[in-house]
Amino acid sequence: MGHLQSCDALAAANALVVAPDGVAFHPASTSLERQAAVTQALSGACFAGLDYEQLQHQLYDAEPGHPDDPPIRFAVSIAPFPPSRRALYKSIRIAHGEATYVFEPVFVDTPEGPQAAMLTFEEFVADMWHKGVRCGIDAAVVRAGIASRKPVRCVVARRRDAVPGQDAAIVEATTALRRSNAPRQLANGKLDLHTFQNRFPQVAARTRLLRKVPRTPGQRGVELSGAWIEPPVPKDVELVGVAGTGTVIEHLDGTDWLIAAVQGFVNVDRKSGRIAIGPKIVSREGVSVRTTGNLQLAGEYEEFGEVQENRLVEGAGITIHGDVFGRIVSRGGTITLRRNLMGGAASSAEGAIKVGGVAENAVLQTRAGEVSVGRAQSCIITGTKVRIGQATNCEIMADEVVIGSASGCAIAARSIVIDSAGPRQHNEMTLFALLPDTARLDALIADRHERAEAFGRLARRHLEAVAELTRRHDVRTYLALAPRLQRREVALNTAQLQAYRRIAAAVAPVLQEIAQLSLAARQASAQQASMREQAQAAARDREALGGAASCKVRLLVGDTVVRALPYDPGRGVPYDLPAKDVRVRLRAQAHARAAVGGGSSGSLDWAPETLAGAPVTE
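These numbers were taken from a predicted model, which means no experiment stands behind them. (Residues numbered from 1 in each chain as written. Predicted model: local features only at pLDDT ≥ 70, side-chain atom pairs only at ≥ 80, totals over all residues. Heavy atoms only, no water.)

(A) Spotlight on the overall build of the protein. Helix and strand counts for the protein come out as ten helices and 42 strands. Per-residue burial for the protein yields a buried fraction of 42% across its 618 residues. Intrachain contacts of the protein at a sequence separation of at least 6 include 51% that bridge at least 24 residues. Accessible surface computed for the protein: about 32,200 Å², of which carbon and sulfur atoms make up 51%. (Helix = DSSP H or I, 4+ residues; strand = E, 2+ residues; numbered from the N terminus. Buried < 20%, exposed > 50% of the residue type's maximum accessible area, 1.4 Å probe, protein only. Contact = heavy atoms within 4.5 Å. Areas by Shrake-Rupley, 256 points an atom, 1.4 Å probe, with all protein chains shown as cover.)

(B) Quick look at the packing of aromatic side chains. All chains considered together, the criterion is met by nine aromatic pairs. Between Phe47 and Phe74, the ring centres sit 5.1 Å apart and the planes meet at 80°, which makes this aromatic pair edge-to-face. Of this pair, Phe47 sits in strand S3 (residues 45-48) while Phe74 sits in strand S4 (residues 73-75), and the two are 27 residues apart along the sequence. With respect to class, Phe47 is no different from Phe74; both count as buried. Here Tyr101 and Phe124 contribute two aromatic rings whose centre-to-centre distance is 5.2 Å and whose plane-to-plane angle is 90°, an arrangement assigned as edge-to-face. Here Phe124 lies in helix H5 (residues 121-130) and Tyr101 lies in strand S7 (residues 98-103), a separation of 23 residues in the sequence. Of the two residues, Tyr101 and Phe124, neither departs from the other in class, the shared state being buried. Put simply, the rings of Phe81, Tyr89, Tyr101, Phe103 and Phe124 touch in pairs and so form one group of aromatic residues. The ring of Trp257 carries Arg208 above its face, with NZ or CZ at 4.4 Å from the centroid. (Phe/Tyr/Trp six-rings, centres within 6.5 Å; stacked < 30°, edge-to-face > 60°. Lys NZ or Arg CZ within 6 Å of the ring centre and 35° of its normal.)

(C) The arrangement of the environment of Pro27 in detail. Tracing the backbone shows Pro27 in the loop between strand S2 (22-25) and helix H2 (31-41). In contact with Pro27, not counting residues within four places along its chain, are Arg34, Pro64, Gly65, His66, Pro67, Asp69 and Pro71.

(D) Spatial organisation of the sheet that holds strand S15 (residues 208-213). Spatial strand order, S11-S15-S19-S18: four strands in an open sheet with antiparallel pairing. Of all strands in the sheet, those bounded by a partner on one side alone are strand S11 (169-172) and strand S18 (247-252). On average, each strand axis in the sheet is inclined to that of its neighbour by 25°, with strand direction left out of account. In terms of strand pairing, S15 meets strand S19 (residues 255-260) through three bridges, oriented antiparallel. Across the sheet, the residue bridging to Arg211 is Trp257, located in S19. (Pairing = 2+ DSSP bridges. Axes fitted to C-alpha atoms, helices over the stretch in contact; angles between N-to-C directions.)

(E) Molecular detail of the sheet that holds S4. Across the sheet, which stays open at both edges, the three strands sit in the order S1-S2-S4 with antiparallel pairing between neighbours. Each end of this open sheet is capped by a strand with a single partner; those strands are strand S1 (16-19) and S4. The mean inter-strand angle of the sheet, taken between neighbouring strand axes irrespective of direction, is 40°. The pairing of S1 with S2 spans four bridges and is antiparallel. In the sheet register, Leu16 faces S2, and the bridge partner there is Phe25.

(F) Looking closely at the pattern of salt bridges. On inspection of all chains with the given rule, the structure shows 23 salt bridges. A salt bridge links Arg86 to Asp127, with the nearest nitrogen and oxygen atoms 3.9 Å apart. With a gap of 41 residues between them, Arg86 in helix H4 (residues 83-86) and Asp127 in helix H5 connect regions that are remote in the sequence. For Arg86, a relative accessible area of 22% translates into the label partly exposed. The salt bridge involving Glu395 is made with Arg583; its shortest N-O contact spans 3.0 Å. Separated by 188 residues along the polypeptide, Glu395 in strand S35 (residues 395-407) and Arg583 in helix H10 (residues 579-588) bring together distant segments of the chain. (Salt bridge = Lys/Arg side-chain N within 4 Å of Asp/Glu carboxyl O.)

(G) Helix H6 (residues 139-148), seen in detail. Taken as a whole, H6 has its buried residues at Ala139, Val142, Gly145 and Ile146. End-on view of H6: buried residues confined to an arc of 130°, all on one side of the axis. Of the exposed residues in H6, those oriented more than 90 degrees away from the buried face are Ala140 and Ala147. The secondary structure elements touched by the buried residues of H6 are S7, H5 and strand S10 (152-158). Backbone geometry just after H6 places Arg149 at a positive phi near 60°. (Arc of directions from axis to C-beta.)

(H) Broad picture of the nonpolar core. Of all hydrophobic cores here, the largest spans 50 residues; its most connected members are Ile328, Leu364, Ile411, Ile418 and Leu431. For this core, the leading source of residues is S35, giving five residues. Beyond its immediate chain neighbours, meaning those up to four positions away, Ile418 contacts Ile403, Gly404, Ala406, Ile411, Met429, Leu431, Lys552, Val553 and Arg554. Counting 46 residues, the second largest nonpolar core, distinct from the first, contains Val38, Leu42, Ala117 and Cys135. (Core = buried A, V, L, I, M, F, W, Y, C linked by side-chain atoms within 4.5 Å.)

(I) Structural context of H10. Within the sequence span of H10, burial applies to Ala579, Val582, Arg585 and Leu586. With its buried residues spanning 130° around the axis, H10 presents them on a single face. Exposed side of H10, more than 90 degrees from the buried face: Lys580 and Ala588 are the residues found there. Taken together, the buried residues of H10 touch strand S32 (363-366), strand S34 (380-392), S35, strand S36 (410-413), strand S38 (429-436) and strand S40 (560-567).

(J) View of the side chain of Glu123. Here Glu123 lies in helix H5. Its relative accessible area of 8% is what places Glu123 among the buried residues. Here the side chain of Glu123 touches Arg85 through a polar contact of 2.8 Å, side chain to side chain. With residues up to four places along the chain from it excluded, the contact list for Glu123 reads Cys46, Phe81, Arg85 and Tyr89. (Polar contact = N/O pair within 3.5 Å; in protein donor to acceptor, adjacent residues only side chain to side chain.)

(K) Inspection of the side chain of Thr560 at higher detail. Tracing the chain through its elements places Thr560 in strand S40. On the basis of relative accessible area, Thr560 is assigned to the buried category, the value being 2%. When sequence neighbours within four positions are dropped, the list of residues in contact with Thr560 reads Ala421, Gly422, Met429, Leu431, Gly597, Gly598 and Gly599.

(L) Molecular detail of the pairing of S36. Burial along S36 is two-sided: Ala410 and Ala412 facing one way and Ile411 and Ala413 facing the other are all buried. As paired elements, S35 and S36 share three bridges and run parallel to each other. By the bridge assignment for S36, Met397 is matched with Ala412. The sheet contact formed by S36 and S38 spans four bridges and is parallel. Within the sheet, the bridge partner assigned to Ala413 lies in S38 and is Ala433.

Below, the structure written as structure tokens:
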């Protein structure tokens, strides 16, 4: 009884609550305080009616609560554990986080001799506590070993390993970031096997792109001794590492989000992993059947790989850093090919075409823009202005052409400037001076002048008729008196007034005829002025079309022929033709046009004597 009273006092001092209904820990005590209290309580004693799982939970899992919280019982009472009983429990082997114990029959000495004894689970827990096993006892294994009544070796306890936490992660918040390589479905329901459905995703402004999942801490483990095993610290990650141009990071609803600041295409840098949103598409995989298929894009496009043969890239401004073997089509913008155009085509509705390397067996055409090529071989090139470093066996049509070295080419332009030119193998060097046909404008000018003269003669006839009528005596008298009467400069008596009225009645038809003739004269004069203005406008159009056509070659290195190539300005610019028509017009029909100049050595500086009236031959 005295021993139990001392345990009560000890429990009160060491966070134990011993009550008639059982043994519990003080709710506000800490884990260390509870372990210390158990150590002291089990000095010569054990917990009777022990709930081992609850004891473990209270020692290593439960957090300190509020002092007013009700204590949770883990044992019925504290019972004595005398040394004679403690001697029944053998030593335990601890290795690699496991405790091994050999259960076998035990005996106690009595005056009558040794008698069989029985181990108890509560005493086993108390004995193991003082032997260093304070956590992880398998109650079922221990109870089975005790009940076996025959020698058996068992692993009676295992340490509780730490549970690693979860590293922070960045997850997609929208399916708009995902590409779709399925074939595109056409309006008629058929599938275009050469075009992907959504190779380059596009998102709207304020779209949530990525979400940060915070890291989750792990759970501490416990050694058999009760020492803590700390789990590894989970790795953290921040959205700033993937935030690129056109994105913002916002903290909404307790979560960090990467949000699109603008509407545009999604570009992911493979090296840095950054996501950028912008009007330009940037690709590094090349254009092929495997990677992208044909591309029909709404915005600008930049490709760092190659464009393979038979592949189409259609968009606005297009920049290709690799070689191009397919077709590049721009609806309006600059086409920039950093390397070579081999056997493919580049066409722009309105914009420049720039090839940094070689164009070979290719077609380069722009309706309104400059074409610039480092070296061109066997190409068809058209544009407002063409600049080439070296051209070989090419057909070129433009308003202005500037070439460093040209051999075996057929070039048609209003202004041609070449540093050196000559034939190459079977291809002659031919320069075509584009001369506008002004016959229609000349006829229009002549017609308007003729009609102006006719209206002038008509106006003069009407005025002469008016003068003839106004020379009559009665008309002249009436016209002289009527204004003075209206201004009340004169007064007439009754007889004079009657005479005036007779004169007015007599000349009234003549006055009406004079008014009609005067109106007709004014209308004819207006028509004459209109015809003269139309003639002047047509003359200005003729001057604008004429320009200063010229062909200049600083050094001739072989036979070079200059031929006149008239064109009808009413049909638009002469170089806006399909590629096949350009070749036919400059090669197949070349000899149908008479030579107007040329040479084989020295230099060439040709200009037409007249630009008007050249016949148009189509």
